[in-house]
Amino acid sequence: MLNINDLIRSSIRAMKPYSSARNEFHGEASIFLDANENPWNPPYNRYPDPLQRELKGRISELKDISPEHIFIGNGSDEAIDLVIRAFCEPSIDNIVTITPSYGMYEVAAEMNNVKCVKVELDPGFKLNADAILNTVDEHTKAVYLCSPNNPSGNVLNREEIYRILKYFRGLVVVDEAYIDFATSPSLLDGLVGFPNLIVFQTLSKAWGAAAIRLGMAFASPEIIAVLNKMKYPYNVSRLTQEYALKVLSNVEEMQRQLKLIRSERERVADALSRPPLSYKVYPSDSNFILTEVGDANKLYAKLVKQGIVVRNRNSITLCQGCIRITIGTPEENDALLAALSS
Ligand code: PMP
């Protein structure tokens, strides 16, 4: 049986976390003279709840997962970095990830002097569990996967992910930033059977709240406890917690937008693949499309001249000649298609 505690860096395991005023007091009180705040300008004069209890309660309801399995960070980017800092000893340990994928896994590793080993996806951007399992070594603490994957847009094969979870004796992070756009289910139900699984989700994509910076990590209580121990005491502002509660109270609006984005995705993909454009379009389970356009640099510059910015992925592994297009409003998508055809 894998013991998560054995994977934690010894200095982190031994460390005593900072205990803030708002952390130490639990209960009812009406006069707060414990945190050196200004007594006026409520409610923003007060530090926010360091453990975001109300928000976790709502997320727990929505996802059907108890709060001790939930970490909330300043975007998923905070959790991406914290997992590396909690488990990887600088200049000794490494992480293994797939390529092409989201660039922050490598950046976070390098920032912490942790090696990031990249394994190319198979044709069609498919995950090959054996390739990952053959690459991990005794210093690999975490495998970072992304499903649906950015920039390819596809969901990774569930059985391959399960094989990595089963045979790799370390953490398996599955970044599900785009999962709401997919028709296949989240891996959250795998948390019960796999104590080494960490799932990231975010309010930045389907929930339409990238500006507030709110990312979620779901994992075993042991892993969540380490992340909480390491985070800045008040890592999620009161403004963010309030706005997140508001966004999460309106599931119908999110689903309405999701439906529209999905149908626009099919419409844009169809137009890109048909004459006169006839681009190769990769299947997408996300809110973006990866498409092979020939001279991607030239096309990118042409679109910029018309005031339209897409993501040029020409220099990314396996994406030569590709641009990545985010699905916008129907009007924005029309403008893009008109500009491409001009
Ligand atoms: N994961 C993936 C796969 C992403 O593409 C992005 C943003 N582009 C993020 C995470 C970042 O999420 P957040 O805004 O929650 O930091």
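Residues numbered from 1 in each chain as written. Predicted model: local features only at pLDDT ≥ 70, side-chain atom pairs only at ≥ 80, totals over all residues. Heavy atoms only, no water.

## Focus on the overall build of the protein
What counts here: Numbering of helices and strands starts at the N terminus; helices are DSSP runs of H or I of at least 4 residues and strands are runs of E of at least 2. To get the radius of gyration, use the C-alpha atoms; to get the globule rule, take the number of residues to the power 0.38 and multiply by 2.2 Å. Accessible area is worked out with a 1.4 Å probe on protein chains only. A residue is then buried under 20% of its type maximum, exposed over 50%, and partly exposed in between. Residues are treated as being in contact if the distance between any of their heavy atoms lies within 4.5 Å. Working convention for charge: Lys and Arg count positive, Asp and Glu count negative, and His plus the chain ends are omitted. For charged residues, the charge sits on one atom: NZ in Lys, CZ in Arg, CG in Asp, CD in Glu.
From N to C terminus, the protein includes 13 helices and 11 strands. For a compact globule of 342 residues, the expected C-alpha radius of gyration is about 20 Å, and the protein comes in at 22 Å, within 12% of that figure. If one aligns the C-alpha atoms of the protein with their principal axes, the spans along those axes are about 70 × 50 × 35 Å. A total of 342 residues make up the protein; the buried ones form 49% of that total. A separation threshold of at least 6 residues defines the contact pool for the protein, and within that pool the share at least 24 residues apart is 70%. Of the charged side chains in the protein, 37 are positive and 41 negative, and the gap between their average positions amounts to 3 Å.

## Topic: the pattern of salt bridges
Heads up, the rule is: Each salt bridge in this description consists of a side-chain nitrogen of Lys or Arg and a carboxyl oxygen of Asp or Glu lying within 4 Å of one another.
With the rule as written, the count across this model stands at 19 salt bridges. Between Asp-77 and Arg-213 there is a salt bridge, with the nearest N and O atoms lying 3.8 Å from each other. In this pair, Asp-77 sits in helix 5 (residues 76-87) while Arg-213 sits in the loop between strand 6 (197-202) and strand 7 (215-218), placing the two residues 136 residues apart along the sequence. Of the residues examined, Asp-77 reaches a relative accessible area of 25% and is grouped as partly exposed. Taking the relative accessible area as the measure of exposure, Arg-213 reaches 31% and is therefore partly exposed. In this structure, Glu-106 and Lys-118 form a salt bridge, with 3.0 Å as the shortest nitrogen-oxygen distance.

## Things to note about the domain arrangement of the protein
Much of the literature gives interface size as the accessible area that the parts lose upon coming together. Selection rule: Where a domain begins and ends is set by an automatic assignment or by a domain database. Computed with a 1.4 Å rolling probe, the buried area is the accessible surface lost when two parts are put together, summed over both parts.
Segmentation of the protein into domains returns domain 1 (4-249) and domain 2 (252-341). Computed from C-alpha coordinates alone, the two centres of domain 1 and domain 2 are separated by 29 Å. Between domain 1 and domain 2, the residue contacts involve 19 residues of the former and 20 residues of the latter. Both sides of the domain 1 and domain 2 interface together cover about 1,700 Å² of buried area, and 62% of this is carbon and sulfur. Among the residues domain 1 hides against domain 2, the three largest losses belong to Phe-125, Pro-151 and Phe-181. Together they make up 36% of the total. Our count for the domain 1 to domain 2 interface comes out at 0 salt bridges.

## Points about the site of the ligand
Here is the rule: Here, proximity means that at least one heavy atom of the residue falls within 4 Å of the molecule or strand. Pairs of N or O atoms within 3.5 Å make up the polar contacts considered here, provided that, within protein, one atom can donate a hydrogen while the other can accept it, and that residues adjacent in sequence are counted only when both atoms are side-chain atoms. Note on areas: Shrake-Rupley, 1.4 Å probe, and residue coverage restricted to the protein chains presented here.
Residues in close proximity to the ligand total 13 residues, the closest being Asp-175, Tyr-178, Thr-202, Ser-204 and Arg-213. Taking Ser-204, its side chain carries an N or O atom lying 2.7 Å from an oxygen atom of the ligand. Here an oxygen atom of the ligand and a side-chain polar atom of Arg-213 are 2.7 Å apart. Burial of the ligand by the protein amounts to 90% of the accessible area it has alone, namely 400 Å².

## Comments concerning the sheet that holds strand 8 (residues 280-281)
In plain terms, the rule: The criterion for strand pairing is that DSSP finds at least two bridges linking the strands in question.
One open sheet accounts for 4 strands, arranged 8-9-11-10; its pairing is antiparallel. The sheet is open, and its two borders are formed by strand 8 and strand 10 (311-312), each paired with just one other strand. For strand 9 (residues 288-292) and strand 11 (residues 322-326), the ladder comprises 5 bridges, and the chain directions are antiparallel. Bridge pairing in strand 11 places Ile-289 opposite Ile-325.

## Digging into the packing of helix 4 (residues 53-63) against helix 10 (residues 238-248)
Keep this limit in mind: For helices, the fitted line uses only the C-alpha atoms of the stretch in contact; every axis is such a line through C-alpha atoms, and the angle between N-to-C directions lies from 0 to 180 degrees. Small angles under 35 degrees read as roughly parallel and large ones over 145 as roughly antiparallel, with 65 to 115 read as roughly perpendicular and the rest as oblique. If you view the pair so one helix is near and one far, a crossing is left-handed when the near helix is turned anticlockwise from the far one by less than a right angle, and right-handed when it is turned clockwise. By the convention adopted, Pro, Cys, Tyr, Trp, Phe, Met, Ile, Leu, Val and Ala count as nonpolar, Lys, Arg, Asp and Glu as charged, and the other residues, Gly among them, as polar.
Helix 10 packs onto helix 4 with a crossing angle of 25° between their chain directions and a minimal axis gap of 10 Å. With respect to helix 10, the element helix 4 is oriented roughly parallel. With respect to the hand of their crossing, helix 4 and helix 10 are arranged in left-handed fashion. Here Glu-54, Leu-55, Arg-58, Ile-59 and Leu-62 of helix 4 lie close against helix 10, whose contacting residues are Gln-241, Ala-244, Leu-245 and Leu-248. The residue inventory of the contact of helix 4 with helix 10, partitioned by class, reads 6 nonpolar, 1 polar and 2 charged.

## Looking at the packing of helix 12 (residues 296-305) against helix 13 (residues 330-341)
Interhelical geometry of helix 12 versus helix 13 gives an angle of 120° and a closest axis separation of 10 Å. Classified by the angle their axes make, helix 12 and helix 13 are oblique. Judged by the sense of rotation from one axis to the other, the crossing of helix 12 with helix 13 is right-handed. Two secondary-structure elements touch here, helix 12 through Leu-299, Lys-302 and Leu-303 and helix 13 through Leu-336, Ala-339 and Leu-340.

## Let's talk about the pairing of strand 5 (residues 171-175)
Stated formally: Here, the term right-handed applies to a crossover whose path from the first strand over the helix to the second runs clockwise when the strands point away from the viewer.
A large share of strand 5 lies buried, amounting to 5 of its 5 residues. The alternating pattern of strand 5 places Leu-171, Val-173 and Asp-175 and Val-172 and Val-174 on opposite faces, both of which are buried. In the sheet, strand 4 (residues 140-146) pairs with strand 5 via 5 bridges, with the strands oriented parallel. By the bridge assignment for strand 5, Tyr-144 is matched with Val-173. Handedness of the crossover is the feature at issue here: the chain leaves strand 4, passes through helix 8 (residues 158-167), returns alongside strand 5, and the resulting connection is right-handed. The pairing of strand 5 with strand 6 spans 4 bridges and is classified as parallel. When the bridges of strand 6 are listed, Asp-175 appears paired with Phe-200.

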